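# Topology and contacts: notes
One-letter residues, chain by chain:
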Amino acid sequence: MSGLVPNARSRRIEESATLAITAKAAKLKAAGLDVVSLGAGEPDFATPGPIATAGIRAIEQGNTRYTAAPGTPELRAAGAKWLSDTFALDYGADEVMVTAGAKGALHMALDAIVEPGDAVLILAPYWVSYPALVTMADGKPVVLPAVPDAGFVHDAATIDAAFARHRARGIIVNFPNNPSGSVPTRAQVQAIVDVAKQHDAWIVSDEIYSTLLYDGATHVSPAALPGGRERTIVVNGFTKSHTLTGWRTSFLAGPKAVVDAACRIQSQVLGNPCTISQAATLAACQQALPEEQERRMRAFDERRRYLVTEINRIPGMKLAAPRGAFYALVDVRELCRTRGLDDVAVCEQLLDRHHLAAVPGSAFAIPGFVRFSYAAAMDQLRAAVTRLRAFAEAK
Ligand code: PMP
Ligand code: GLU
């Protein structure tokens, strides 16, 4: 036996909790169990026809070789136009990089800005991968506890104090938020920009759910606000809105110096994002497919309303209506108290006894809550509610 082991940094990286639970649910399903899988958030709709066709055409036409490391010039320009038309963001093609999913964009962005030991603020509840991505960039994740009573939007004074205490290099924000579905007002986003400016810090803005909004909510990027553009790195794309999940493309946009740095990193670690997927993503930029988008949003909204109504009828559970994304973050604190369980045990029992997969809030630094994805068909959600009720009523 050799004494060789993976390094200390990699040993600090846990497997993604969302993906681990989804893998466990898939295993039970493969073993023949009737599992309702509301773990990972992935739309149940297929990639829209015209987008998939553009990918197929790329293969048929032999468009299958390397591209420039930051993505094709056409796609970088189309990405800049999409960001401008949709979110009033002002980037040139050379300030947009194409990369492998929002995950890849976050990874490249953090690698490009974090110095070893730098603190990076993360607002709980946060998407599971942020602390690991900061750690991999040799930074120090600093988590600000969740504020459920404030609609999950931290006030500027709290963020300001954390910047001062930790001398943080930057902050990761994610609105619409996974897992809470919160969407701040323009004034709240401006307040975060103002605090970051005061501390001369970066904002990494994960906007991957920015077109999935309900109840009249609007998305405002920090980069679109005064003082925001020069310190914000925007992460956005079509993975969630157009089911480009498996295609692995997205955009990173920001000040040219940091985009150039990310491009250099990408040229060394990735080469280029998948050529075929870039052709599909170009089609997504060029064709808005409004009917398809409306159909999806109607379906998500119907599911969201159904869950809000039904879950609030279950003893010990509460659900505030999410305003964006496609997750229901259910408050099970009362049920945990009466049962003597924590949210991890709740999810274990839901999966083992009721074959319902969900993610414990602890994975997002919000213990006492459980996250259900409603990017799943209505019959799955009805089955989930029946199983949740059975769980809540079991002695
Ligand atoms: N950010 C958030 C908030 C997410 O929920 C996800 C889910 N996958 C990602 C980034 C990564 O998305 P992608 O598939 O584009 O890498
Ligand atoms: N982002 C989705 C989720 O939160 C997909 C899984 C993942 O990449 O973490 O469930």
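Structure: see above.
Below you will find a few notes about this structure. Computed from a predicted model, the values in this text were never measured in an experiment. (Residues numbered from 1 in each chain as written. Chains lettered and ligands numbered in written order. Predicted model: local features only at pLDDT ≥ 70, side-chain atom pairs only at ≥ 80, totals over all residues. Heavy atoms only, no water.)

### Concerning the overall build of the protein
Summing up its helical and strand segments, the protein has 14 helices and 12 strands in all. A compact globule built from 395 residues should have a C-alpha radius of gyration of about 21 Å, and the protein, at 21 Å, falls within 12% of that. A principal-axis box enclosing the C-alpha atoms of the protein has dimensions of 60 × 60 × 55 Å. A fraction of 75% describes how many contacts in the protein between residues 6 or more apart in sequence connect residues 24 or more apart. (Helix = DSSP H or I, 4+ residues; strand = E, 2+ residues; numbered from the N terminus. Rg over C-alpha atoms; globule rule 2.2 N^0.38 Å. Contact = heavy atoms within 4.5 Å.)

### Description of the nonpolar core
Soluble, globular proteins show a tendency: their nonpolar side chains are buried together. L252, F300, L307, M317, F326 and F372 are the most contacted members of the largest nonpolar core, which totals 84 residues. Once residues within four sequence positions are removed from consideration, L252 is found in contact with E95, V96, M97, A105, M108, A109, I233, V234, V259 and A262. If you look at the next biggest cluster of nonpolar residues, it comprises 24 residues, including F87, F251, A280 and L289. (Core = buried A, V, L, I, M, F, W, Y, C linked by side-chain atoms within 4.5 Å. Buried < 20%, exposed > 50% of the residue type's maximum accessible area, 1.4 Å probe, protein only.)

### With respect to the site of ligand 2
Close contacts around ligand 2 come from S16, T18, L19, A40, G41, K103, W127, N178, Y209, K240, Y327 and R371, and that covers them all. Contacts to ligand 2 include T18, whose side-chain N or O atom sits 2.6 Å from an oxygen atom. Compared with its free state, where it exposes 280 Å², ligand 2 has 89% of that area covered by protein. Considering only residue class, the shell around ligand 2 consists of five nonpolar, four polar and three charged. (Near = heavy atom within 4 Å. Polar contact = N/O pair within 3.5 Å; in protein donor to acceptor, adjacent residues only side chain to side chain. Areas by Shrake-Rupley, 256 points an atom, 1.4 Å probe, with all protein chains shown as cover. Nonpolar A, V, L, I, M, F, W, Y, C, P; charged D, E, K, R; others polar.)

### Observations concerning the site of ligand 1
Surrounding ligand 1, one finds 13 residues, the nearest of these being A102, N178, D206, Y209 and R248. Contact distances for ligand 1 include 2.9 Å between an oxygen atom and a backbone N or O atom of K103. Residue contributions to the shell around ligand 1 peak at three residues, all from helix α5 (residues 101-113). Of the residues that constitute the shell around ligand 1, the class distribution is five nonpolar, four polar and four charged.

### Let's talk about the side chain of S241
Among the secondary structure elements, S241 is positioned in the loop between β7 (232-236) and β8 (250-253). Its relative accessible area of 3% is what places S241 among the buried residues. Of the polar contacts made by the side chain of S241, one reaches the side chain of H242; its length is 2.8 Å. Leaving out residues up to four positions away in the same chain, S241 has contacts with T211, L212, Q293 and R296.

### A look at the sheet that holds strand β12 (residues 369-373)
Spatial ordering of the open sheet is given by β9-β12-β11, a layout of three strands whose pairing is antiparallel. Either end of the sheet is taken by a strand with one partner, and the two such strands are β9 (327-331) and β11 (359-360). Across five bridges, β9 lies against β12 in antiparallel orientation. Following the sheet pairing, A328 is matched in β12 by F372. (Pairing = 2+ DSSP bridges.)

### With respect to the packing of aromatic side chains
Inspection of every chain in the model, using the stated rule, returns 11 aromatic pairs. In this arrangement the basic side chain of R339 is found over the ring face of F391, its NZ or CZ atom lying 5.1 Å from the centre. (Phe/Tyr/Trp six-rings, centres within 6.5 Å; stacked < 30°, edge-to-face > 60°. Lys NZ or Arg CZ within 6 Å of the ring centre and 35° of its normal.)

### So, the pattern of salt bridges
If you walk through the whole model with that rule in mind, you get 18 salt bridges. Taking the shortest distance from any N to any O, the salt bridge between R295 and E292 comes out at 3.1 Å. Of this pair, R295 and E292 both sit in helix α11 (residues 290-311), three residues apart, roughly one helical turn. Here R295 falls in the partly exposed class, since its relative accessible area comes to 40%. Salt-bridge contacts for R296 lead to E292; the nearest nitrogen and oxygen are separated by 2.8 Å. Of this pair, R296 and E292 both sit in helix α11, four residues apart, which is roughly one turn of that helix. The burial state of R296 is the same as that of E292; both residues are buried. The structure contains a network of salt bridges with shared partners spanning D215, D301, R304 and R305. (Salt bridge = Lys/Arg side-chain N within 4 Å of Asp/Glu carboxyl O.)

### Let's talk about unusual backbone geometry
The omega angle of the peptide bond from F175 to P176 is -15°, so this bond is cis rather than trans. Along the chain, the position of P176 falls in the loop between β5 (170-174) and α8 (186-198). Cis geometry marks the peptide bond from N178 to P179; its omega dihedral reads 25°. As for its placement among the helices and strands, P179 is situated in the loop between β5 and α8. The backbone phi angle of A365 is positive, close to 60°, even though this residue is not glycine. Turning to its location among the elements, A365 is positioned in the loop between β11 and β12.

### Thoughts on the environment of S37
Inspection of the secondary structure puts S37 in strand β1 (residues 36-37). On a C-alpha basis, the gap between S37 and L351 in space is 9.1 Å, while along the polypeptide they are 314 residues apart. Those residues within four positions of S37 in sequence are excluded, and the remaining contacts are A25, K29, A357 and Q380.

### Some thoughts on the pairing of β8
Moving residue by residue along a regular strand, the side chains alternate between the two faces of the sheet. By the alternation rule, side chains of β8 split into S250 and L252 and F251 and A253, which are all buried. Pairing of β7 with β8 involves three bridges; the strand directions are antiparallel. Paired with N236 across the strands is F251, a residue of β8.

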